[in-house]
Amino acid sequence: MTARTIITAMFSGKVAANAVRVALVVGSVLNAINQGAGIWHGDGVEWGKFALNYAVPFLVSSYSAAKIAVGAADATSGGDEL
């Protein structure tokens, strides 16, 4: 299991689509918690935090799903375990 294999799996159709859904939900909740008061009071959005609040859940979700998918493929083909 190489890094390239994992990264390719992270951005494959089903894995990426699911990770986008997770990131939209979790990122929205994180933004509401982390920046809600500031936005409500007119302070504006901190765009770096905004982006990270969506990127981190996407990367965690896609990495974990890709790791499982690649591990399952290795297991059926006789490769090493996770």
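These numbers come from a predicted model, not from an experiment.

Draft legend 1. Representation of the overall build of the protein. On a plain count of helices and strands, the protein comes out with three helices and zero strands. Over its C-alpha trace the protein gives a radius of gyration of 17 Å, far above what one expects of a compact globule, namely 12 Å for 82 residues. Along the first, second and third principal axes, the C-alpha atoms of the protein reach 60 × 20 × 20 Å. The proportion of buried residues among the 82 residues of the protein is 23%. Nonlocal contacts in the protein, meaning residues at least 24 apart in sequence, comprise 67% of its contacts between residues at least 6 apart. Element-wise, carbon and sulfur atoms account for 68% of the exposed surface of the protein, whose accessible area totals about 5,600 Å². In the protein, 5 side chains carry a positive charge and 5 a negative one; their mean positions are 8 Å apart.

Draft legend 2. Up close: the nonpolar core. Among the nonpolar cores identified, the biggest contains five residues, and these are Ile6, Ala9, Met10, Ala66 and Val70. Elements represented by at least two residues in this core include exactly helix H1 (3–10) and helix H3 (47–76). Looking at which element gives the most residues to this core, the answer is H1, with three residues. Look past the residues within four positions of Ile6 in its chain and what remains in contact with it is Met1, Tyr63, Ala66 and Lys67.

Draft legend 3. Focus on the packing of helix H2 (residues 13–40) against H3. As a packed pair, H2 and H3 sit with axes 7 Å apart at the nearest point and diverge in direction by 145°. Between H2 and H3 lies a crossing of right-handed hand.

Draft legend 4. Seen up close, the pattern of salt bridges. This structure, assessed with the given rule, holds one salt bridge. When the shortest N-O distance is used, the salt bridge between Lys49 and Glu46 registers 3.5 Å. Relative accessible area serves as the criterion here: at 42%, Lys49 is assigned to the partly exposed category. Given a relative accessible area of 43%, Glu46 falls into the partly exposed group.

The rules behind each value
- Residues numbered from 1 in each chain as written.
- Predicted model: local features only at pLDDT ≥ 70, side-chain atom pairs only at ≥ 80, totals over all residues.
- Heavy atoms only, no water.
- Helix = DSSP H or I, 4+ residues; strand = E, 2+ residues; numbered from the N terminus.
- Rg over C-alpha atoms; globule rule 2.2 N^0.38 Å.
- Buried < 20%, exposed > 50% of the residue type's maximum accessible area, 1.4 Å probe, protein only.
- Contact = heavy atoms within 4.5 Å.
- Areas by Shrake-Rupley, 256 points an atom, 1.4 Å probe, with all protein chains shown as cover.
- Lys, Arg positive; Asp, Glu negative; His and termini not counted.
- Charge placed at Lys NZ, Arg CZ, Asp CG, Glu CD.
- Core = buried A, V, L, I, M, F, W, Y, C linked by side-chain atoms within 4.5 Å.
- Axes fitted to C-alpha atoms, helices over the stretch in contact; angles between N-to-C directions.
- Left-handed = near helix turned anticlockwise from the far one by under 90°.
- Salt bridge = Lys/Arg side-chain N within 4 Å of Asp/Glu carboxyl O.

By themselves these figures say nothing about function.
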